[in-house]
Protein chains: 2
Amino acid sequence: MNVLIILAHPERASFNGALVDVAVTELKRAGHTVEVNDLFAAGFEPVEQADRYAKLEPDAAFAPLDVQRTHYENDALPADIERELAMLDWADLVIFQFPLWWHAQPAILKGWFDRVMVYGGRYTSRMRYDHGYFRGKRAMLSVTAGSPEATFQPFGRAGDMVAWLWPIHSSLYYVGFDVLAPQVSYGVQGGGIRYQQESTLATHLEACKTRWSTRLSRLSDETPIPFAGWADWNDEGVLDRAAPLRWRLG
Amino acid sequence: MNVLIILAHPERASFNGALVDVAVTELKRAGHTVEVNDLFAAGFEPVEQADRYAKLEPDAAFAPLDVQRTHYENDALPADIERELAMLDWADLVIFQFPLWWHAQPAILKGWFDRVMVYGGRYTSRMRYDHGYFRGKRAMLSVTAGSPEATFQPFGRAGDMVAWLWPIHSSLYYVGFDVLAPQVSYGVQGGGIRYQQESTLATHLEACKTRWSTRLSRLSDETPIPFAGWADWNDEGVLDRAAPLRWRLG
């Protein structure tokens, strides 16, 4: 299996970086081929704007989806996007390693979605969800969070982790990935950078690493997160009353 | 009232830009003072990384929260962040105008949270939520989405808009804002840029603008979205069984 790990933390010596090292070791031990794409080290530019693109047409207002499609169809995508797409095409499993910042992924990884998931090339109005481009591939989030696990609950102080990750999971499913349950390492204070000096935190973080390594050794047994799909919707995109019962709420 | 509109769309001539113009006109007509902060035009840098900061200490691993706090306490924040903070301090109401990209705000606006909401300065472990720095100020999202309104429902094709905006609403509440219900303009195809040429879409978009203008004229009557707060949590940050009944789920 080809595994691509996309790292989005500004400090390679962080606990996020350490979790990447754990994953590389464990996955290689199991015989997989692993590549790490460190977005900060690569200087990935997350802002989608007109000057990313060679000008194919006379000056016009910048409509991102139109420009993505036109450049995809003319084989004129930006070089950095072509590199990202080639890595995704190579991978059977994509792991996203990042800290939860402001209830979501860091901006560099948000912009990775904005720019890499090219309209016309990686999705269209029909090539989405369970008809998506990446179907057959798996994706998974490995997330660190500063607050303790108990505070992450609906109406709890840190809120519902399922809710924070739902937009990202849904974006991955949108382009066809089978999404595995996330790996969340809670209580990673100070980015985990000070952990060598603080023995209680160090013990906790070692346990997080062990949990991650153990989980990775058993990934093949896992069932992806369920999502609604084309069979559930009528032509207007609304939940069809004839759809499987599992999605019926009322 | 001082109103700050933060625009996050790469094209000022987009429908998002038009909604800003509507808001400026309506709010000024009602006697308010309005400033527009166009993040793309300003070239706002959304990636939080070590080289944004003057070096105050010897080389060390980059722990973003530690560095934010140290630079805040030493009055050494980056100049662009100081500008953003001054605008927020001036505002009574902050409106965020952006297109929904990949189930969230564009990266430039995600990074605005990552960089501007400075640890130590705009929040600490106690200065959060209903004890947040910005308490007494209001914030509101005005969002455009390409898909029709009917497809945005739980398990519908475009999913639950409440879920897509919940992380952003929660981030605003985290720093103390009273968050008003979002204004969502659905069915804004092609960024709304082609609307002058397409009469059905043009009619729809004119209706969106009228709806926005009408709502803005009545904002003072609105009650913010309810969130759980300090009175609801015990010392471990878990929903307290003695908390008001409104949050009890089970």
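All values derive from a computational prediction rather than experimental measurement.

1. Focus on the overall build of chain A
Point 1. The helix and strand inventory of chain A stands at 6 helices and 6 strands.
Point 2. With respect to the principal axes defined by its C-alpha atoms, chain A has extents near 60 × 50 × 40 Å.
Point 3. For chain A, buried positions account for 58% of its 250 residues.
Point 4. If you take every contact in chain A between residues at least 6 apart in sequence, the share linking residues at least 24 apart comes to 73%.
Point 5. When the accessible surface of chain A is summed, it comes to about 10,500 Å², and 50% of that surface belongs to carbon and sulfur atoms.
Point 6. Averaging the locations of the 24 positively and 31 negatively charged side chains of chain A gives two centres separated by 5 Å.

2. Quick word on the environment of Lys-110 of chain B
Point 1. In this fold, Lys-110 of chain B is placed in helix 5 (residues 107-116).
Point 2. Reaching out from Lys-110 of chain B, the side chain makes a polar contact with the side chain of Asp-114 of chain B at a distance of 2.5 Å.

3. Section: the relation of the copies chain A and chain B
There are two copies of the chain, and a rotation about an axis plus a shift along that axis relates them.
Point 1. Mapping chain A onto chain B calls for a screw motion: a turn of 180° about the axis and a shift of 0.0 Å along it, with 0.0 Å RMSD after fitting. A rotation of that kind, with that shift, is consistent with a two-fold axis. Proximity to the rotation axis, assessed at the C-alpha, singles out Ala-107 of chain A in chain A; its C-alpha lies 2.5 Å from the axis.
Point 2. By residue overlap, the copies meet face to face through one surface: 100% of the interface positions of chain A are interface positions in chain B.

4. Details of the pattern of salt bridges
Charged atoms that come close allow side chains of opposite charge to pair.
Point 1. The full count for this structure, using the stated rule, is 20 salt bridges over all chains.
Point 2. The residue Arg-115 of chain B makes a salt bridge to Asp-80 of chain B at a minimum N-O spacing of 2.9 Å. Residue Arg-115 of chain B is located in helix 5, and its partner Asp-80 of chain B is located in helix 4 (residues 79-90); the two are separated by 35 residues in the primary sequence.
Point 3. Of the charged contacts in the structure, one is a salt bridge between Lys-110 of chain B and Asp-114 of chain B, with a shortest N-O distance of 2.5 Å. Placement of the pair is Lys-110 of chain B and Asp-114 of chain B together in helix 5, with a separation of 4 residues, close to one helical turn.
Point 4. Through salt bridges with shared partners, a single ionic network connects Glu-48, Asp-80 and Arg-115 of chain A.

5. Topic: the side chain of Glu-84 of chain A
Residue and element names in this part refer to chain A.
Point 1. Looking at the secondary structure, you find Glu-84 in helix 3 (residues 79-90).
Point 2. Arg-83 provides the closest opposite charge to the buried, unpaired Glu-84, separated from it by 6.1 Å.
Point 3. Among the polar contacts listed, one links the side chain of Glu-84 to the side chain of Trp-112, at a separation of 2.8 Å.
Point 4. Not counting chain neighbours up to four residues away, the residues in contact with Glu-84 comprise Asn-37, Leu-39, Phe-44, Trp-112 and Val-116.

6. Things to note about helix 4 of chain B
Every α-helix carries 3.6 residues per turn, so stepping three or four residues along brings you back to the same face.
Point 1. For helix 4 of chain B, built from 12 residues, the straight-helix expectation of 16 Å at 1.5 Å per residue is met to within 8% by its first-to-last C-alpha distance of 17 Å.
Point 2. Buried residues in helix 4 of chain B make contact with strand 1 (2-7), strand 2 (33-38), helix 2 (39-42), strand 3 (93-99) and helix 5 of chain B.

7. Considerations on the nonpolar core
Point 1. Ranked by size, the top nonpolar core spans 52 residues in total, and within it Phe-96, Leu-109, Trp-112 and Met-161 of chain A carry the most contacts.
Point 2. Among the secondary structure elements, those contributing two or more residues to this core are strand 1 (2-7), helix 3, strand 3 (93-99), helix 4 (107-116), strand 4 (138-144) and helix 5 (161-174) of chain A.
Point 3. What Met-161 of chain A contacts, discounting residues up to four positions off in sequence, is Leu-100, Ala-145, Phe-152, Val-184 and Tyr-186 of chain A.
Point 4. Core analysis: the next-biggest nonpolar cluster, separate from the first, contains 51 residues, Leu-77, Leu-100, Val-118 and Val-143 of chain B among them.

8. Considerations on the packing of helix 4 of chain B against helix 5 of chain B
All names here are of chain B.
Point 1. The geometry of helix 4 relative to helix 5 is characterised by a closest axis approach of 10 Å and an angle of 95° between their N-to-C directions. For the element pair helix 4 / helix 5, the angle class is roughly perpendicular. Between helix 4, through Asp-80, Ile-81, Glu-84, Leu-85 and Leu-88, and helix 5, the contact on the second element is made entirely by Trp-112, Arg-115 and Val-116.

9. Some details on the interface of chain A and chain B
Point 1. Contact with chain A, which involves 58 residues of that partner, is made by 58 residues of chain B.
Point 2. Summing both sides of the interface, chain A and chain B together bury roughly 4,800 Å²; the carbon and sulfur share of this comes to 67%.
Point 3. A per-residue breakdown of the area chain A buries against chain B is headed by Trp-102, Phe-155 and Arg-157 of chain A, which together make up 20% of the total.
Point 4. Taken together, the links from chain A to chain B amount to 0 salt bridges.
Point 5. Across the contact surface, chain A and chain B share 22 residue pairs in polar contact (both at pLDDT 80 or more).

10. Things to note about the packing of helix 4 of chain A against helix 5 of chain B
Point 1. In contact at an axis separation of 8 Å, helix 4 of chain A and helix 5 of chain B are set at 175° when each is read in the N-to-C sense. With respect to each other, helix 4 of chain A and helix 5 of chain B are oriented roughly antiparallel. Of the residues in helix 5 of chain B, those in contact with Ala-107, Lys-110, Gly-111 and Asp-114 of chain A of helix 4 of chain A are Ala-107, Lys-110, Gly-111 and Asp-114 of chain B.

11. What about the packing of aromatic side chains?
Residues and elements named next belong to chain A.
Point 1. A full pass over the atoms with the stated rule returns 38 aromatic pairs over all chains.
Point 2. Ring plane angle 80° and centroid distance 4.8 Å describe the contact between Tyr-133 and Phe-134, whose orientation is recorded as edge-to-face.
Point 3. Judged by relative accessible area, Phe-134 falls into the buried class, the value being 0%.

Basis of the calculations
- Residues numbered from 1 in each chain as written.
- Chains lettered and ligands numbered in written order.
- Predicted model: local features only at pLDDT ≥ 70, side-chain atom pairs only at ≥ 80, totals over all residues.
- Heavy atoms only, no water.
- Helix = DSSP H or I, 4+ residues; strand = E, 2+ residues; numbered from the N terminus.
- Buried < 20%, exposed > 50% of the residue type's maximum accessible area, 1.4 Å probe, protein only.
- Contact = heavy atoms within 4.5 Å.
- Areas by Shrake-Rupley, 256 points an atom, 1.4 Å probe, with all protein chains shown as cover.
- Lys, Arg positive; Asp, Glu negative; His and termini not counted.
- Charge placed at Lys NZ, Arg CZ, Asp CG, Glu CD.
- Polar contact = N/O pair within 3.5 Å; in protein donor to acceptor, adjacent residues only side chain to side chain.
- Least-squares fit on C-alpha atoms with pLDDT ≥ 70 in both.
- Salt bridge = Lys/Arg side-chain N within 4 Å of Asp/Glu carboxyl O.
- Expected span 1.5 Å × (residues − 1).
- Core = buried A, V, L, I, M, F, W, Y, C linked by side-chain atoms within 4.5 Å.
- Axes fitted to C-alpha atoms, helices over the stretch in contact; angles between N-to-C directions.
- Parallel < 35°, antiparallel > 145°, perpendicular 65-115°, else oblique.
- Buried area = accessible area lost by both parts, 1.4 Å probe.
- Phe/Tyr/Trp six-rings, centres within 6.5 Å; stacked < 30°, edge-to-face > 60°.

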